[in-house]
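# Architecture and fold: a report
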Amino acid sequence: MAASGIPVTAAPRGIDTSAPERSGRPTNPKLVLLLVCAAQFVLLVDDTIVNVALPTIGDDLEFGESSLSWVTNAYFLTFGGFLLIGGGLADLLGRRRLFGISLTVFVLASAVCGLAPNAGVLIGARAAQGIAGALLSPAALSILLATFRDPAERARALGTWAALTGLGAATGLLLGGALVEWTHWRWIFLINLPIGALALFALPRTIGPDDRDAPRRVPDFAGAALGTAAVLTLVYTVVETDKHPWGSTRTLVGLGVAVVLAVGFTVRQRAAAGPLLPRALLRMRHVVLADVLVLVAAGGLFAMFFFLTLYMQRIQGWSPMRTGLSFLPFSVGMGAGAAVSTKLLAHRGPLLPVSVGPAVAAGGMWSLSRLDAHSSFAAHLLPALVITGLGLGVAFVAIINTATGGAGEGEGGVASAMVTTCQQIGAAIGIAVLVTVATDHTRNQVESGVERGRAAIDGFARAFEIQAGLMAAAAVMGVVVGLAAERHRAAQK
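Throughout this document, residue positions are counted from 1 along each chain, in the order its sequence is written. Reporting of local features is limited, given that this is a predicted model, to residues whose pLDDT is at least 70; pairs of side-chain atoms are given and counted only at 80 or more, and all residues count toward the totals for whole chains, interfaces and linings. Side-chain metrics rest on all non-hydrogen atoms present in the structure, leaving aside hydrogens and water.

Time to look at the nonpolar core. Counting residues in each nonpolar core, the largest one holds 85 residues, and the members touching the most others are Ile57, Leu122, Ile188, Met304, Phe307 and Leu308. For this core, the element with the highest residue contribution is helix H13 (residues 285-315), accounting for 17 residues. Here, residues are in contact when the closest pair of their heavy atoms is within 4.5 Å. In this view, Leu122 contacts Ile57, Leu61, Phe63, Val71, Cys113, Ala116 and Phe189; residues no more than four positions away in its chain are not counted. Each nonpolar core is a collection of buried residues, namely Ala, Val, Leu, Ile, Met, Phe, Trp, Tyr and Cys, held together in the definition by side-chain atoms within 4.5 Å. Working definition: with a 1.4 Å probe on protein chains only, accessible area under 20% of the residue-type maximum means buried, over 50% means exposed, and in between means partly exposed. Counting 39 residues, the second-largest nonpolar core is a separate cluster that includes Ala139, Leu203, Ala224 and Leu277. Numbering of helices and strands runs from the N terminus, with a helix taken as a DSSP run of H or I at least four residues long and a strand as a DSSP run of E at least two residues long.

Here the focus is the side chain of His441. Looking at where His441 falls in the secondary structure, it is placed in helix H18 (residues 412-447). The exposure class assigned to His441 is buried, which follows from its relative accessible area of 16%. With near-sequence residues (within four places) excluded, His441 lies in contact with Asp458, Gly459 and Arg462.

Patch construction takes residues with relative accessible area above 30% that form no salt bridge. Like charges are linked within 9 Å, and nonpolar side chains (Val, Leu, Ile, Met, Phe, Trp, Tyr) are linked within 5 Å. Values of accessible area rely on a 1.4 Å probe in the Shrake-Rupley scheme; residue burial ignores everything except the protein chains shown. Salt bridge, as used here, is a side-chain nitrogen of Lys or Arg placed within 4 Å of a carboxyl oxygen of Asp or Glu. Taken together, the side chains of Leu352, Val356, Val360 and Ile387 present a nonpolar region at the surface, about 250 Å² in accessible area. A total of three residues in the nonpolar patch trace back to one element, the largest contributor, which is helix H16 (residues 351-368). The topology assignment puts Val356 in helix H16.

Taken as a whole, this structure holds five salt bridges when the rule is applied. The closest approach of N and O atoms between Arg370 and Glu465, which form a salt bridge, is 2.7 Å. Residue Arg370 is located in the loop between H16 and helix H17 (377-405), and its partner Glu465 is located in helix H19 (residues 452-492); the two are separated by 95 residues in the primary sequence. In this structure, Arg462 engages Glu465 in a salt bridge whose closest nitrogen and oxygen atoms are separated by 3.7 Å. One end of the pair, Arg462, and the other, Glu465, are both in helix H19, three residues apart, so they sit about a helical turn from each other. Judged by relative accessible area, which is 35%, Arg462 ranks as partly exposed.

The subject of this paragraph is the packing of aromatic side chains. We call Phe, Tyr and Trp rings a pair once their centres come within 6.5 Å, taking the six-membered ring for Trp, and we label the pair stacked below 30 degrees between planes, edge-to-face above 60, and tilted otherwise. Following the criterion strictly, the structure yields eight aromatic pairs and no others. Aromatic side chains Tyr75 and Phe79 sit 5.7 Å apart centroid to centroid with 75° between the ring planes, which places their arrangement in the edge-to-face category. With Tyr75 and Phe79 both in helix H4 (residues 70-93) and four residues apart, this pair spans about one turn of that helix. Assigned by exposure class, Tyr75 and Phe79 land together as buried. Judged by centre distance (6.4 Å) and plane angle (70°), the ring pair of Phe307 and Phe464 falls under edge-to-face. Note that Phe307 is positioned in helix H13 and Phe464 in helix H19, a separation of 157 residues in sequence.

Shown next, in the form of C-alpha coordinates:
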(Lines give C-alpha, C1' and ligand atoms only; values in the text may rest on other atoms or scores of the structure.)
Protein backbone atom coordinates (compact mmCIF):
# COMPACT_ATOMS: atom_id res chain seq x y z
CA MET A 1 0.00 0.00 0.00
CA ALA A 2 1.25 3.44 -0.93
CA ALA A 3 2.06 5.95 1.74
CA SER A 4 -1.00 7.97 0.75
CA GLY A 5 -3.30 5.16 1.78
CA ILE A 6 -4.09 4.24 -1.84
CA PRO A 7 -3.24 0.63 -2.65
CA VAL A 8 -0.82 -0.36 -5.33
CA THR A 9 -3.16 -1.17 -8.18
CA ALA A 10 -2.92 -2.58 -11.63
CA ALA A 11 -3.38 -0.59 -14.78
CA PRO A 12 -6.82 0.10 -16.22
CA ARG A 13 -8.32 -2.92 -17.93
CA GLY A 14 -7.10 -3.17 -21.47
CA ILE A 15 -3.73 -1.57 -20.79
CA ASP A 16 -0.67 -3.72 -21.24
CA THR A 17 1.74 -2.65 -18.52
CA SER A 18 4.59 -4.81 -19.67
CA ALA A 19 7.56 -3.08 -21.22
CA PRO A 20 8.93 -5.32 -23.96
CA GLU A 21 12.62 -4.99 -24.63
CA ARG A 22 11.95 -3.94 -28.21
CA SER A 23 9.99 -0.90 -26.97
CA GLY A 24 13.11 0.48 -25.36
CA ARG A 25 12.92 0.53 -21.58
CA PRO A 26 13.48 4.07 -20.22
CA THR A 27 17.01 4.59 -18.94
CA ASN A 28 15.98 6.80 -16.03
CA PRO A 29 12.75 5.85 -14.24
CA LYS A 30 12.98 8.95 -12.03
CA LEU A 31 12.72 11.17 -15.11
CA VAL A 32 9.72 9.17 -16.27
CA LEU A 33 8.07 9.70 -12.88
CA LEU A 34 8.85 13.41 -13.03
CA LEU A 35 7.37 13.73 -16.53
CA VAL A 36 4.12 11.85 -15.94
CA CYS A 37 3.58 13.47 -12.54
CA ALA A 38 4.15 16.91 -14.07
CA ALA A 39 1.44 16.17 -16.65
CA GLN A 40 -0.97 14.95 -13.96
CA PHE A 41 -0.16 17.95 -11.77
CA VAL A 42 -1.14 20.35 -14.56
CA LEU A 43 -4.47 18.56 -14.95
CA LEU A 44 -5.18 18.80 -11.22
CA VAL A 45 -4.20 22.46 -11.08
CA ASP A 46 -6.70 23.16 -13.85
CA ASP A 47 -9.45 21.77 -11.60
CA THR A 48 -9.17 24.82 -9.34
CA ILE A 49 -6.97 27.48 -10.97
CA VAL A 50 -10.00 28.97 -12.74
CA ASN A 51 -12.04 29.51 -9.55
CA VAL A 52 -10.18 32.59 -8.35
CA ALA A 53 -10.38 34.17 -11.80
CA LEU A 54 -14.13 33.58 -12.34
CA PRO A 55 -15.34 37.05 -11.32
CA THR A 56 -12.72 38.72 -13.53
CA ILE A 57 -13.50 36.42 -16.47
CA GLY A 58 -17.22 37.04 -15.98
CA ASP A 59 -16.77 40.81 -16.10
CA ASP A 60 -14.37 40.74 -19.05
CA LEU A 61 -16.36 38.36 -21.28
CA GLU A 62 -19.80 39.39 -19.99
CA PHE A 63 -20.88 36.07 -18.52
CA GLY A 64 -24.13 35.62 -16.63
CA GLU A 65 -23.65 33.93 -13.24
CA SER A 66 -25.30 30.67 -14.33
CA SER A 67 -23.34 30.50 -17.60
CA LEU A 68 -20.15 31.37 -15.69
CA SER A 69 -20.38 27.99 -13.98
CA TRP A 70 -19.76 26.37 -17.38
CA VAL A 71 -16.16 27.61 -17.30
CA THR A 72 -15.59 25.01 -14.58
CA ASN A 73 -18.35 22.55 -15.53
CA ALA A 74 -17.21 22.09 -19.13
CA TYR A 75 -13.83 20.86 -17.86
CA PHE A 76 -15.18 18.68 -15.04
CA LEU A 77 -17.84 17.15 -17.23
CA THR A 78 -15.78 16.13 -20.25
CA PHE A 79 -12.89 15.01 -18.04
CA GLY A 80 -15.18 12.72 -16.06
CA GLY A 81 -17.21 11.58 -19.05
CA PHE A 82 -14.29 10.43 -21.20
CA LEU A 83 -11.96 9.16 -18.48
CA LEU A 84 -13.05 5.54 -18.59
CA ILE A 85 -12.10 5.08 -22.26
CA GLY A 86 -8.68 6.64 -21.84
CA GLY A 87 -7.14 3.33 -20.81
CA GLY A 88 -8.63 1.59 -23.85
CA LEU A 89 -7.26 4.23 -26.20
CA ALA A 90 -3.83 3.92 -24.61
CA ASP A 91 -3.90 0.24 -25.48
CA LEU A 92 -5.23 0.88 -28.99
CA LEU A 93 -2.88 3.71 -29.98
CA GLY A 94 0.07 3.07 -27.66
CA ARG A 95 0.67 4.72 -24.31
CA ARG A 96 3.44 7.10 -25.41
CA ARG A 97 1.62 8.06 -28.58
CA LEU A 98 -1.60 8.84 -26.72
CA PHE A 99 0.36 10.77 -24.08
CA GLY A 100 1.89 12.94 -26.79
CA ILE A 101 -1.35 13.44 -28.75
CA SER A 102 -3.49 14.26 -25.72
CA LEU A 103 -0.86 16.59 -24.22
CA THR A 104 -0.62 18.43 -27.55
CA VAL A 105 -4.41 18.84 -27.70
CA PHE A 106 -4.45 20.01 -24.09
CA VAL A 107 -1.82 22.66 -24.80
CA LEU A 108 -3.63 23.86 -27.94
CA ALA A 109 -6.95 24.01 -26.08
CA SER A 110 -5.22 26.00 -23.31
CA ALA A 111 -4.00 28.47 -25.93
CA VAL A 112 -7.54 28.89 -27.28
CA CYS A 113 -8.81 29.44 -23.71
CA GLY A 114 -6.17 32.11 -23.15
CA LEU A 115 -7.02 33.91 -26.40
CA ALA A 116 -10.80 33.39 -26.26
CA PRO A 117 -12.65 36.47 -27.56
CA ASN A 118 -16.00 35.52 -26.04
CA ALA A 119 -17.75 33.22 -23.59
CA GLY A 120 -18.71 30.57 -26.17
CA VAL A 121 -15.16 30.04 -27.37
CA LEU A 122 -13.84 29.82 -23.80
CA ILE A 123 -16.41 27.21 -22.75
CA GLY A 124 -15.78 25.15 -25.90
CA ALA A 125 -12.03 25.22 -25.35
CA ARG A 126 -12.48 24.23 -21.69
CA ALA A 127 -14.46 21.21 -22.87
CA ALA A 128 -11.61 20.32 -25.22
CA GLN A 129 -9.17 20.63 -22.30
CA GLY A 130 -11.29 18.18 -20.32
CA ILE A 131 -11.39 15.61 -23.12
CA ALA A 132 -7.62 15.85 -23.59
CA GLY A 133 -7.09 15.54 -19.85
CA ALA A 134 -9.32 12.45 -19.71
CA LEU A 135 -7.04 10.75 -22.24
CA LEU A 136 -3.77 12.09 -20.86
CA SER A 137 -4.28 10.98 -17.25
CA PRO A 138 -4.69 7.21 -17.88
CA ALA A 139 -1.92 7.28 -20.50
CA ALA A 140 0.41 8.81 -17.92
CA LEU A 141 -0.66 6.26 -15.30
CA SER A 142 -0.07 3.33 -17.66
CA ILE A 143 3.44 4.64 -18.42
CA LEU A 144 4.14 4.86 -14.70
CA LEU A 145 2.91 1.32 -14.06
CA ALA A 146 4.92 -0.07 -16.98
CA THR A 147 8.06 1.66 -15.73
CA PHE A 148 7.89 0.68 -12.06
CA ARG A 149 7.41 -3.09 -11.87
CA ASP A 150 9.01 -3.79 -8.51
CA PRO A 151 6.26 -3.67 -5.83
CA ALA A 152 8.19 -1.37 -3.51
CA GLU A 153 9.16 1.01 -6.33
CA ARG A 154 5.62 1.00 -7.66
CA ALA A 155 4.26 1.78 -4.18
CA ARG A 156 6.50 4.82 -3.87
CA ALA A 157 5.66 5.99 -7.39
CA LEU A 158 1.92 5.66 -6.84
CA GLY A 159 2.27 7.38 -3.47
CA THR A 160 3.78 10.38 -5.26
CA TRP A 161 1.02 10.22 -7.86
CA ALA A 162 -1.72 10.18 -5.21
CA ALA A 163 -0.13 12.99 -3.18
CA LEU A 164 -0.57 15.34 -6.16
CA THR A 165 -4.33 15.58 -5.56
CA GLY A 166 -4.27 17.86 -2.53
CA LEU A 167 -1.17 19.71 -3.69
CA GLY A 168 -2.70 20.36 -7.12
CA ALA A 169 -5.88 21.83 -5.66
CA ALA A 170 -4.00 24.14 -3.29
CA THR A 171 -1.52 25.24 -5.96
CA GLY A 172 -4.32 25.94 -8.43
CA LEU A 173 -6.07 28.36 -6.08
CA LEU A 174 -2.88 30.18 -5.12
CA LEU A 175 -1.41 30.26 -8.63
CA GLY A 176 -4.70 31.48 -10.07
CA GLY A 177 -4.80 34.36 -7.63
CA ALA A 178 -1.19 35.33 -8.31
CA LEU A 179 -1.57 35.26 -12.11
CA VAL A 180 -4.80 37.29 -12.10
CA GLU A 181 -3.33 39.79 -9.64
CA TRP A 182 0.05 40.30 -11.31
CA THR A 183 -0.66 39.64 -14.98
CA HIS A 184 -4.04 38.90 -16.59
CA TRP A 185 -6.63 36.15 -16.16
CA ARG A 186 -5.67 34.78 -19.61
CA TRP A 187 -2.35 33.62 -18.18
CA ILE A 188 -4.07 30.99 -16.03
CA PHE A 189 -4.44 29.13 -19.34
CA LEU A 190 -1.42 30.39 -21.27
CA ILE A 191 0.96 29.21 -18.55
CA ASN A 192 0.23 25.67 -19.75
CA LEU A 193 1.97 26.39 -23.06
CA PRO A 194 5.61 26.51 -21.87
CA ILE A 195 5.00 23.64 -19.43
CA GLY A 196 3.42 21.53 -22.15
CA ALA A 197 6.11 22.39 -24.69
CA LEU A 198 8.83 21.34 -22.24
CA ALA A 199 7.02 18.06 -21.52
CA LEU A 200 6.59 17.32 -25.25
CA PHE A 201 10.28 18.04 -25.81
CA ALA A 202 11.22 15.64 -23.01
CA LEU A 203 8.77 12.89 -24.03
CA PRO A 204 10.82 11.10 -26.76
CA ARG A 205 14.02 11.60 -24.75
CA THR A 206 12.56 10.06 -21.60
CA ILE A 207 10.09 7.35 -22.61
CA GLY A 208 10.82 4.55 -25.07
CA PRO A 209 8.66 4.08 -28.19
CA ASP A 210 5.54 1.91 -28.13
CA ASP A 211 5.69 -1.69 -29.29
CA ARG A 212 3.93 -1.59 -32.66
CA ASP A 213 3.62 -5.38 -32.76
CA ALA A 214 1.65 -5.58 -29.53
CA PRO A 215 -2.02 -6.68 -29.90
CA ARG A 216 -4.57 -3.85 -30.06
CA ARG A 217 -8.07 -4.02 -28.64
CA VAL A 218 -10.78 -1.53 -29.50
CA PRO A 219 -12.39 0.07 -26.41
CA ASP A 220 -16.17 0.23 -25.98
CA PHE A 221 -16.77 3.53 -27.77
CA ALA A 222 -20.54 2.95 -27.92
CA GLY A 223 -20.78 2.58 -24.15
CA ALA A 224 -18.57 5.61 -23.59
CA ALA A 225 -20.67 7.69 -25.98
CA LEU A 226 -23.92 6.73 -24.23
CA GLY A 227 -22.52 7.40 -20.76
CA THR A 228 -20.99 10.74 -21.70
CA ALA A 229 -24.14 11.86 -23.54
CA ALA A 230 -26.27 10.95 -20.51
CA VAL A 231 -24.17 13.06 -18.15
CA LEU A 232 -23.87 15.97 -20.59
CA THR A 233 -27.63 16.02 -21.09
CA LEU A 234 -28.31 15.86 -17.36
CA VAL A 235 -25.92 18.65 -16.39
CA TYR A 236 -26.94 20.90 -19.28
CA THR A 237 -30.60 20.47 -18.33
CA VAL A 238 -29.87 21.30 -14.69
CA VAL A 239 -27.78 24.36 -15.58
CA GLU A 240 -30.58 25.70 -17.76
CA THR A 241 -33.17 25.47 -14.97
CA ASP A 242 -32.43 29.10 -14.12
CA LYS A 243 -34.17 29.92 -17.45
CA HIS A 244 -36.49 26.91 -17.72
CA PRO A 245 -38.10 25.90 -14.38
CA TRP A 246 -37.98 22.34 -13.11
CA GLY A 247 -41.58 21.71 -14.14
CA SER A 248 -41.20 23.11 -17.65
CA THR A 249 -41.53 20.89 -20.72
CA ARG A 250 -37.93 21.53 -21.78
CA THR A 251 -36.51 20.53 -18.40
CA LEU A 252 -38.67 17.41 -18.10
CA VAL A 253 -37.78 16.33 -21.64
CA GLY A 254 -34.08 16.90 -20.93
CA LEU A 255 -34.23 14.81 -17.76
CA GLY A 256 -36.14 12.10 -19.62
CA VAL A 257 -33.52 11.97 -22.38
CA ALA A 258 -30.76 11.72 -19.76
CA VAL A 259 -32.56 8.77 -18.13
CA VAL A 260 -33.00 7.01 -21.49
CA LEU A 261 -29.31 7.47 -22.30
CA ALA A 262 -28.32 6.20 -18.85
CA VAL A 263 -30.49 3.10 -19.33
CA GLY A 264 -28.86 2.60 -22.74
CA PHE A 265 -25.43 2.82 -21.10
CA THR A 266 -26.46 0.23 -18.50
CA VAL A 267 -27.79 -2.15 -21.14
CA ARG A 268 -24.62 -1.70 -23.18
CA GLN A 269 -22.46 -2.50 -20.17
CA ARG A 270 -24.38 -5.72 -19.62
CA ALA A 271 -24.05 -6.78 -23.26
CA ALA A 272 -20.51 -5.62 -24.11
CA ALA A 273 -17.78 -8.25 -24.25
CA GLY A 274 -15.34 -5.76 -22.68
CA PRO A 275 -17.47 -3.34 -20.63
CA LEU A 276 -16.02 -0.07 -19.39
CA LEU A 277 -17.04 -1.04 -15.84
CA PRO A 278 -15.98 -4.62 -14.97
CA ARG A 279 -18.89 -6.69 -13.66
CA ALA A 280 -16.77 -8.22 -10.90
CA LEU A 281 -15.95 -4.74 -9.59
CA LEU A 282 -19.58 -3.63 -9.64
CA ARG A 283 -20.52 -6.64 -7.52
CA MET A 284 -18.34 -5.27 -4.69
CA ARG A 285 -20.90 -3.34 -2.64
CA HIS A 286 -18.38 -1.28 -0.68
CA VAL A 287 -16.68 -0.11 -3.91
CA VAL A 288 -19.93 1.06 -5.52
CA LEU A 289 -21.11 2.77 -2.33
CA ALA A 290 -17.76 4.53 -1.92
CA ASP A 291 -18.03 5.86 -5.48
CA VAL A 292 -21.52 7.21 -4.76
CA LEU A 293 -20.16 8.83 -1.61
CA VAL A 294 -17.45 10.54 -3.69
CA LEU A 295 -20.11 11.76 -6.13
CA VAL A 296 -22.12 13.37 -3.33
CA ALA A 297 -19.15 14.83 -1.45
CA ALA A 298 -17.56 16.27 -4.61
CA GLY A 299 -20.78 18.13 -5.37
CA GLY A 300 -20.43 19.99 -2.08
CA LEU A 301 -16.65 20.47 -2.13
CA PHE A 302 -16.13 22.02 -5.55
CA ALA A 303 -19.25 24.14 -5.26
CA MET A 304 -17.71 25.52 -2.06
CA PHE A 305 -14.69 26.77 -4.02
CA PHE A 306 -17.00 28.35 -6.61
CA PHE A 307 -19.20 30.25 -4.16
CA LEU A 308 -16.45 31.22 -1.73
CA THR A 309 -14.49 32.78 -4.58
CA LEU A 310 -17.50 34.88 -5.58
CA TYR A 311 -18.13 35.82 -1.94
CA MET A 312 -14.54 36.87 -1.28
CA GLN A 313 -14.24 39.02 -4.39
CA ARG A 314 -17.74 40.35 -4.98
CA ILE A 315 -18.93 40.78 -1.39
CA GLN A 316 -15.70 41.33 0.54
CA GLY A 317 -13.94 43.07 -2.36
CA TRP A 318 -10.73 41.09 -1.95
CA SER A 319 -8.11 40.91 -4.67
CA PRO A 320 -7.56 37.64 -6.57
CA MET A 321 -4.21 37.16 -4.78
CA ARG A 322 -5.75 37.56 -1.35
CA THR A 323 -8.53 35.21 -2.38
CA GLY A 324 -6.03 32.54 -3.40
CA LEU A 325 -4.06 32.91 -0.17
CA SER A 326 -7.27 32.67 1.85
CA PHE A 327 -7.72 29.05 0.79
CA LEU A 328 -4.37 27.95 2.27
CA PRO A 329 -5.89 27.13 5.71
CA PHE A 330 -8.20 24.70 3.92
CA SER A 331 -5.19 22.96 2.34
CA VAL A 332 -3.36 22.84 5.68
CA GLY A 333 -6.42 21.35 7.36
CA MET A 334 -6.80 18.80 4.59
CA GLY A 335 -3.15 17.76 4.89
CA ALA A 336 -3.48 17.32 8.64
CA GLY A 337 -6.69 15.35 8.20
CA ALA A 338 -5.06 13.04 5.66
CA ALA A 339 -2.27 12.25 8.14
CA VAL A 340 -4.83 11.44 10.82
CA SER A 341 -6.79 9.28 8.38
CA THR A 342 -3.75 7.20 7.48
CA LYS A 343 -3.20 6.32 11.16
CA LEU A 344 -6.88 5.58 11.72
CA LEU A 345 -6.95 3.26 8.72
CA ALA A 346 -3.94 1.33 10.02
CA HIS A 347 -5.35 0.85 13.51
CA ARG A 348 -9.15 1.15 13.30
CA GLY A 349 -10.18 0.46 9.69
CA PRO A 350 -12.23 2.74 7.40
CA LEU A 351 -15.49 3.07 9.38
CA LEU A 352 -14.43 5.95 11.65
CA PRO A 353 -12.74 8.21 9.06
CA VAL A 354 -15.35 7.75 6.29
CA SER A 355 -18.19 8.64 8.67
CA VAL A 356 -16.67 11.21 11.03
CA GLY A 357 -14.70 13.05 8.34
CA PRO A 358 -17.72 14.16 6.26
CA ALA A 359 -19.61 15.05 9.47
CA VAL A 360 -16.81 17.41 10.51
CA ALA A 361 -16.75 18.91 6.99
CA ALA A 362 -20.52 19.42 7.19
CA GLY A 363 -20.05 21.50 10.34
CA GLY A 364 -17.45 23.66 8.61
CA MET A 365 -19.70 24.25 5.60
CA TRP A 366 -22.66 25.08 7.81
CA SER A 367 -20.59 27.79 9.48
CA LEU A 368 -19.88 29.22 6.00
CA SER A 369 -23.63 29.69 5.53
CA ARG A 370 -23.56 32.18 8.42
CA LEU A 371 -21.22 34.57 6.59
CA ASP A 372 -22.34 38.14 5.86
CA ALA A 373 -20.83 41.28 4.37
CA HIS A 374 -19.06 42.13 7.65
CA SER A 375 -17.61 38.70 8.47
CA SER A 376 -13.88 38.78 9.21
CA PHE A 377 -11.34 36.30 7.94
CA ALA A 378 -9.79 35.48 11.32
CA ALA A 379 -13.04 35.05 13.25
CA HIS A 380 -15.26 33.47 10.63
CA LEU A 381 -13.57 32.20 7.47
CA LEU A 382 -10.37 30.83 9.00
CA PRO A 383 -11.97 28.37 11.44
CA ALA A 384 -14.59 27.33 8.89
CA LEU A 385 -11.97 26.55 6.25
CA VAL A 386 -9.70 24.67 8.67
CA ILE A 387 -12.58 22.56 9.98
CA THR A 388 -13.88 21.79 6.48
CA GLY A 389 -10.41 20.88 5.23
CA LEU A 390 -9.67 18.74 8.29
CA GLY A 391 -12.89 16.76 7.83
CA LEU A 392 -12.38 16.22 4.13
CA GLY A 393 -8.76 15.21 4.68
CA VAL A 394 -9.82 12.58 7.22
CA ALA A 395 -12.43 11.26 4.78
CA PHE A 396 -10.44 11.47 1.54
CA VAL A 397 -7.73 8.86 2.06
CA ALA A 398 -10.15 6.38 3.64
CA ILE A 399 -12.74 6.74 0.85
CA ILE A 400 -10.16 6.32 -1.92
CA ASN A 401 -8.68 3.34 -0.13
CA THR A 402 -12.12 1.75 0.23
CA ALA A 403 -13.10 2.42 -3.38
CA THR A 404 -9.92 0.86 -4.81
CA GLY A 405 -8.68 -1.53 -2.12
CA GLY A 406 -10.98 -4.41 -3.00
CA ALA A 407 -10.19 -4.46 -6.68
CA GLY A 408 -8.34 -7.43 -8.02
CA GLU A 409 -5.48 -7.62 -10.46
CA GLY A 410 -6.49 -5.97 -13.72
CA GLU A 411 -9.31 -3.99 -12.11
CA GLY A 412 -7.52 -1.66 -9.69
CA GLY A 413 -6.88 0.98 -12.32
CA VAL A 414 -10.51 0.91 -13.41
CA ALA A 415 -11.53 1.29 -9.77
CA SER A 416 -9.31 4.38 -9.53
CA ALA A 417 -10.80 5.73 -12.77
CA MET A 418 -14.32 5.22 -11.39
CA VAL A 419 -13.44 7.32 -8.33
CA THR A 420 -12.04 10.13 -10.48
CA THR A 421 -15.05 9.98 -12.79
CA CYS A 422 -17.45 10.29 -9.85
CA GLN A 423 -15.40 13.19 -8.49
CA GLN A 424 -15.47 15.13 -11.76
CA ILE A 425 -19.13 14.47 -12.53
CA GLY A 426 -20.19 15.15 -8.95
CA ALA A 427 -18.39 18.48 -9.09
CA ALA A 428 -20.10 19.42 -12.36
CA ILE A 429 -23.59 18.47 -11.21
CA GLY A 430 -23.09 20.02 -7.77
CA ILE A 431 -22.01 23.37 -9.17
CA ALA A 432 -24.82 23.31 -11.75
CA VAL A 433 -27.56 22.58 -9.22
CA LEU A 434 -26.31 24.97 -6.56
CA VAL A 435 -25.75 27.85 -8.98
CA THR A 436 -29.37 27.45 -10.08
CA VAL A 437 -30.57 27.35 -6.46
CA ALA A 438 -28.49 30.38 -5.44
CA THR A 439 -29.50 32.38 -8.52
CA ASP A 440 -33.21 31.65 -8.02
CA HIS A 441 -33.04 32.54 -4.33
CA THR A 442 -31.20 35.80 -5.04
CA ARG A 443 -33.70 36.74 -7.75
CA ASN A 444 -36.65 36.05 -5.46
CA GLN A 445 -35.09 38.15 -2.69
CA VAL A 446 -34.53 41.09 -5.05
CA GLU A 447 -38.10 40.86 -6.34
CA SER A 448 -39.37 40.94 -2.75
CA GLY A 449 -37.50 44.21 -2.12
CA VAL A 450 -34.24 43.03 -0.55
CA GLU A 451 -31.14 45.06 -1.46
CA ARG A 452 -29.14 43.29 -4.23
CA GLY A 453 -25.95 42.83 -2.17
CA ARG A 454 -27.88 41.37 0.75
CA ALA A 455 -29.82 39.16 -1.66
CA ALA A 456 -26.58 37.81 -3.17
CA ILE A 457 -25.29 36.89 0.31
CA ASP A 458 -28.58 35.13 1.03
CA GLY A 459 -28.17 33.17 -2.20
CA PHE A 460 -24.66 32.12 -1.23
CA ALA A 461 -25.91 31.15 2.26
CA ARG A 462 -28.59 28.92 0.76
CA ALA A 463 -25.96 27.20 -1.38
CA PHE A 464 -23.67 26.63 1.64
CA GLU A 465 -26.58 25.19 3.63
CA ILE A 466 -27.24 22.65 0.88
CA GLN A 467 -23.52 21.83 0.69
CA ALA A 468 -23.56 21.17 4.44
CA GLY A 469 -26.55 18.91 3.88
CA LEU A 470 -24.69 17.02 1.17
CA MET A 471 -21.77 16.45 3.51
CA ALA A 472 -24.12 15.32 6.29
CA ALA A 473 -25.65 12.84 3.83
CA ALA A 474 -22.13 11.71 2.94
CA ALA A 475 -21.45 11.11 6.65
CA VAL A 476 -24.52 8.85 6.90
CA MET A 477 -23.44 7.05 3.73
CA GLY A 478 -19.98 6.75 5.26
CA VAL A 479 -21.36 4.54 8.02
CA VAL A 480 -22.86 2.21 5.41
CA VAL A 481 -19.65 2.25 3.34
CA GLY A 482 -17.46 1.58 6.38
CA LEU A 483 -19.58 -1.34 7.54
CA ALA A 484 -19.65 -2.83 4.03
CA ALA A 485 -15.87 -2.49 3.76
CA GLU A 486 -15.33 -4.19 7.11
CA ARG A 487 -17.64 -7.05 6.11
CA HIS A 488 -15.68 -7.45 2.87
CA ARG A 489 -12.39 -7.45 4.74
CA ALA A 490 -13.69 -10.07 7.21
CA ALA A 491 -14.88 -12.25 4.34
CA GLN A 492 -11.42 -12.10 2.73
CA LYS A 493 -9.70 -13.45 5.85
